[in-house]
Amino acid sequence: MSLSSRKKAGCLITLLIFMGIGVGFMLGLIVSKNIQKKKEAPAFWKQAAMKQLDKLQPDEAQRKKFEAYTDQAVAELSALRQEGIKNVWQIVERAVKSVEQELTPEQQQKFEDIRPKPPKMPTE
């Protein structure tokens, strides 16, 4: 039993559509991750703030002051973010130590494989 050429063409077109959807989805995920990483950078925060302030059409003196204010705010936000990450990992480490005390030697070996690892601290 063979398929008619019309059915074969329909199947091929359907296959191409699903492949396109799959490839588009994967590319979307990759682009989304890259954009999210970019948004986490303090340089992006400053650029975004200055872009909004440029809508006010400041003169050169105002622009320099705005940039100084923005630099100060970004520095404070970066420090606050790093402190927050450090605090979160202190809590996680306390929880891990509590869990480790309850484990048998076999469980401790397995736990070493799944133990949460702190992320690299973000840099300026």
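Conventions we followed
- Residues numbered from 1 in each chain as written.
- Predicted model: local features only at pLDDT ≥ 70, side-chain atom pairs only at ≥ 80, totals over all residues.
- Heavy atoms only, no water.
- Helix = DSSP H or I, 4+ residues; strand = E, 2+ residues; numbered from the N terminus.
- Buried < 20%, exposed > 50% of the residue type's maximum accessible area, 1.4 Å probe, protein only.
- Contact = heavy atoms within 4.5 Å.
- Areas by Shrake-Rupley, 256 points an atom, 1.4 Å probe, with all protein chains shown as cover.
- Lys, Arg positive; Asp, Glu negative; His and termini not counted.
- Charge placed at Lys NZ, Arg CZ, Asp CG, Glu CD.
- Patch = residues over 30% accessible without salt bridge, like charges linked within 9 Å, V, L, I, M, F, W, Y side chains within 5 Å.
- Salt bridge = Lys/Arg side-chain N within 4 Å of Asp/Glu carboxyl O.
- Axes fitted to C-alpha atoms, helices over the stretch in contact; angles between N-to-C directions.
- Parallel < 35°, antiparallel > 145°, perpendicular 65-115°, else oblique.
- Nonpolar A, V, L, I, M, F, W, Y, C, P; charged D, E, K, R; others polar.

A. Representation of the overall build of the protein in the model. What the protein contains, in helices and strands, is four helices and zero strands. Counting over 124 residues, the protein shows a buried share of 7%. Across the protein, every contact between residues at least 6 apart in sequence was considered, and the portion connecting residues at least 24 apart equals 54%. Surface exposure of the protein reaches about 10700 Å², of which carbon and sulfur atoms provide 62%. In the protein, 21 side chains carry a positive charge and 15 a negative one; their mean positions are 12 Å apart.

B. Structural view of a nonpolar patch on the surface. Nonpolar side chains collect at one region of the surface, where I13, I17, F18 and I21 lie side by side and expose about 430 Å² of accessible area between them. For I17, the location among the structural elements is in helix α1 (residues 5-39). Judged by relative accessible area, which is 48%, I17 ranks as partly exposed.

C. Examining the packing of helix α3 (residues 60-101) against helix α4 (residues 105-114) more closely. In the contact formed by α3 and α4, the axes pass within 10 Å of each other and the chain directions differ by 155 degrees. The orientation of α3 with respect to α4, classified from their angle, is roughly antiparallel. Residues V96, V99 and E100 of α3 pack against Q108, F111 and E112 of α4. Class assignment of the residues belonging to the contact of α3 with α4 gives a composition of three nonpolar, one polar and two charged.

These values are about where atoms sit, not about what they do.
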